[in-house]
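Chain and residue survey
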Amino acid sequence: MNRFHVVDDFQSWGRVVKAQHRVAVPHWRDELQGLVATAVGKDQPLLAAGLRRSYGDSVLNPAGAVIRMDQVSRMISLDRENRLLRAEAGASFDMLIPLLLENQLFLPVTPGTRFVTLGGAVANDVHGKNHHRNGSIGDWVRKLGLLRSDGREIILGPDDQSGLFRATIGGLGLTGLITWVELEVVPASNGYIDAETIAFGNLDEFFELSSRSDETHEYTVSWIDCMAGGLSTGRGLFVRGNHAKNGAARPRAGNTRFSMPVELPTMCMNRYSISTFNKLYYWKGRLSRKNATVSLYPFFYPLDSIGHWNRMYGRGGMFQYQSVVPPENQRDATREMLNAIERGGQGSFLAVLKTFGHRKAPGMISFPKPGTTLALDFPNHGPSTLALLDRLDDIVQEAGGRLYPAKDGRMSARMFQSGFENWQAFSNHVDPGFSSLFWQRVSYVGD
Ligand SMILES: Cc1cc2nc3c(=O)[nH]c(=O)nc-3n(C[C@H](O)[C@H](O)[C@H](O)COP(=O)(O)OP(=O)(O)OC[C@H]3O[C@@H](n4cnc5c(N)ncnc54)[C@H](O)[C@@H]3O)c2cc1C
């Protein structure tokens, strides 16, 4: 019988919080009910974890217990005619992709790493480079199994009238344990993408390119040089692509080519190294080849080729900061954020900009909404980094935007509650036996 064991230094991808946790690693679905009952019996609030690619504390629960779901990962069925895949919640996108491609199918939505589980992707309602076409993953969930702390396993789908389905999509694991998921998948004749990279000189050029490309391309995203100021503010490389007409069903594998063996000293991450990297990357992109048919692995998952790349940020770890601001304020707010970053001198290697489409989000507290999303990585330099993030919060809040909980490890209750207008309706569906470090912070209602 599986049990909870004490794990020191249980952590998420950002590696800022490393805390002792009670963790169970079941392999079979029929172990889950017993584990839930054990935690409930000991009055320990529960939380599921997938592959912990969330950056902050939404997947941490040091005061309670964690059920790691990544070994509960079997395929259940594939209805080829109706394009419905059913798998256990711990199945990773890395496992699903080759099985789908063999059947000329692909994921309807994928984030920038394939090392995520189905359950984790649904609990964060993840989005990808095709949000303007396909929305987020929750738009494609046709059914799921949810195990509540009272021992009931409920089957939910979009026709659910109680609100529990909409609370579970993007519900950060707080409505119960997702045991399996049925996902509608999409046709894909092969595993290759016709990709194009276009350099742009500033933010206005980005918005121009983005609105034109959303009409013609299924996938769009941009990397930006967040240290470029003045007339070059927001310059970067726009990447767009469509599924290739011809190509093999088995694309060149995206094996990890290199792994960060150790943590780098945090001082390697300073204004000069980041600024130099950004300049070189921009000019290399500007001057190199523009069109190519590429395997989907480097197209969707460029960072997956470097194992443990998060160690690059040293012992202190890193903060990700991903915001979305509505269309009416997207130009001013994005420019203001980039100016604040440039002035603060704490840039990011990985600054990603994308416009979301206009679909209504499927979850009560899903992150995506119409507007522009900016994602940035900041090495954790302590109070100075936190002060910069507070400054960015003010800009996002004033613009009517919100932050992505999957990336967050420090947003205030005020910021969460102002960004997610349905948070109180959502909280009515939170299972009383579940919690997380994130939820304890953001659900606080002060005097
Ligand atoms: C390099 C990189 C690129 C990324 N790019 C994107 C992107 O483009 N778009 C995007 O949206 N996100 C992106 N992310 C974030 C990532 O996609 C999400 O954090 C994803 O949800 C992680 O899945 P996971 O299996 O690791 O879940 P975890 O991080 O382990 O957990 C995520 C949440 O899901 C809950 N959960 C996990 N499993 C279950 C379950 N079975 N039942 C109930 N709740 C569960 C957890 O409690 C937690 O709240 C990126 C992350 C990285 C590292």
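Look up: the structure comes first, before these words.
To keep things clear, this report deals only with the structure shown in the data block.

Rules of the game
- Residues numbered from 1 in each chain as written.
- Predicted model: local features only at pLDDT ≥ 70, side-chain atom pairs only at ≥ 80, totals over all residues.
- Heavy atoms only, no water.
- Helix = DSSP H or I, 4+ residues; strand = E, 2+ residues; numbered from the N terminus.
- Rg over C-alpha atoms; globule rule 2.2 N^0.38 Å.
- Buried < 20%, exposed > 50% of the residue type's maximum accessible area, 1.4 Å probe, protein only.
- Contact = heavy atoms within 4.5 Å.
- Areas by Shrake-Rupley, 256 points an atom, 1.4 Å probe, with all protein chains shown as cover.
- Lys, Arg positive; Asp, Glu negative; His and termini not counted.
- Charge placed at Lys NZ, Arg CZ, Asp CG, Glu CD.
- Near = heavy atom within 4 Å.
- Polar contact = N/O pair within 3.5 Å; in protein donor to acceptor, adjacent residues only side chain to side chain.
- Phe/Tyr/Trp six-rings, centres within 6.5 Å; stacked < 30°, edge-to-face > 60°.
- Axes fitted to C-alpha atoms, helices over the stretch in contact; angles between N-to-C directions.
- Parallel < 35°, antiparallel > 145°, perpendicular 65-115°, else oblique.
- Left-handed = near helix turned anticlockwise from the far one by under 90°.
- Nonpolar A, V, L, I, M, F, W, Y, C, P; charged D, E, K, R; others polar.
- Core = buried A, V, L, I, M, F, W, Y, C linked by side-chain atoms within 4.5 Å.
- Pairing = 2+ DSSP bridges.
- Arc of directions from axis to C-beta.
- Salt bridge = Lys/Arg side-chain N within 4 Å of Asp/Glu carboxyl O.

For the rest of this paragraph, the subject is the overall build of the chain. A count of helices and strands for the chain gives 13 helices and 21 strands. Taken against the 2.2 N^0.38 rule, which gives 22 Å for 447 residues, the C-alpha radius of gyration of the chain at 21 Å falls within 12% of a compact globule. If one aligns the C-alpha atoms of the chain with their principal axes, the spans along those axes are about 60 × 55 × 45 Å. The buried share of the chain, reckoned over its 447 residues, is 57%. Partitioning the contacts of the chain with sequence separation of at least 6, the portion at a separation of at least 24 is 75%. Counting only carbon and sulfur atoms, one obtains 51% of the accessible surface of the chain, whose full area is about 18500 Å². A gap of 5 Å separates the mean positions of the 49 positive and 44 negative side-chain charges of the chain.

Time to look at the site of the ligand. Lining the immediate environment of the ligand, one finds 36 residues, of which A48, G50, S54, T117 and Y404 sit closest. Contact distances for the ligand include 2.8 Å between an oxygen atom and a side-chain N or O atom of N124. Those elements that provide at least two residues to the shell around the ligand are strand 3 (46-49), helix 3 (118-123) and strand 10 (177-184). With four residues, helix 3 is the largest single contributor of residues to the shell around the ligand.

Enumeration over the complete set of coordinates arrives at 18 aromatic pairs. Plain terms: the ring middles of W13 and W309 are 5.7 Å apart, the flat faces sit at 70° to each other, and that makes the pair edge-to-face. With a gap of 296 residues between them, W13 in the loop between strand 1 (5-11) and strand 2 (18-24) and W309 in the loop between strand 17 (306-307) and strand 18 (318-325) connect regions that are remote in the sequence. Each member of the pair, W13 together with W309, is buried. One aromatic cluster in this structure is built from F106, Y219, Y297, F299, F300 and Y301.

Here we come to the packing of helix 9 (residues 330-344) against helix 10 (residues 383-398). It is the contact of helix 9 with helix 10, at a shortest axis distance of 10 Å, that shows an interaxial angle of 165°. Relative to helix 10, the element helix 9 lies roughly antiparallel. In terms of crossing hand, the pair formed by helix 9 and helix 10 is right-handed. Together, A333, E336, M337, A340 and I341 of helix 9 and L388, R391, L392, I395 and V396 of helix 10 make up the contact between the two elements. Of the residues belonging to the contact of helix 9 with helix 10, the class tally is eight nonpolar, no polar and two charged.

Let's shift gears to the nonpolar core. Grouped together as the largest cluster of nonpolar side chains are 60 residues, with contacts concentrated most on I67, L96, F106, L144 and L296. Here this core takes five residues from helix 2 (residues 93-101), the largest share from any one element. Residue contacts for I67: discarding those within four places in its chain leaves F4, A24, P26, L32, L35, V36, L46, L47, A48, A49 and L177. In this structure, F207, L376, F378 and V430 belong to the second largest nonpolar core, which totals 51 residues.

Right, let's talk about the sheet that holds strand 20 (residues 371-379) for a bit. Pairing in this open sheet of eight strands is antiparallel, and the strands run 16-12-14-13-19-20-18-21 from one edge to the other. Every other strand in the sheet has two partners, leaving strand 16 (291-295) and strand 21 (402-403) as the edge strands with one partner each. Here six bridges tie strand 13 (residues 219-224) to strand 14 (residues 236-243), and the two strands are oriented antiparallel to one another. Residue pairing across strands places S222 opposite F238, the latter belonging to strand 14. Set on the sheet, helix 9 makes contact with strand 13, strand 18, strand 19 (352-356) and strand 20; between it and strand 20 the angle comes to about 10°. Docked against the sheet, helix 10 engages strand 18, strand 20 and strand 21, running at close to 10° with respect to strand 18.

For helix 2, the full list of buried residues reads F93, L96, I97, L100 and L101. Down the axis of helix 2, the smallest arc covering the buried residues is 120°, so these residues share one side. In this structure, the buried residues of helix 2 make contact with strand 5 (75-79), strand 6 (84-88), strand 7 (105-106), helix 3 and helix 8 (296-300).

What follows concerns the pattern of salt bridges. For the structure shown, the criterion picks out 23 salt bridges. As a salt-bridge pair, R331 and D204 come within 3.2 Å of each other at their nearest N and O atoms. One end of the pair, R331, is in helix 9; the other, D204, is in helix 6 (residues 203-216), and 127 residues separate them in sequence. Judged by its relative accessible area of 39%, R331 is partly exposed. The closest approach of N and O atoms between D393 and R410, which form a salt bridge, is 2.8 Å. In this pair, D393 is assigned in helix 10 and R410 in the loop between strand 21 and helix 11 (413-419), connecting sequence segments 17 residues apart. Given the relative accessible area of 5%, D393 is considered buried. Within the structure, one salt-bridge network assembled from shared partners comprises R29, R74 and E88.

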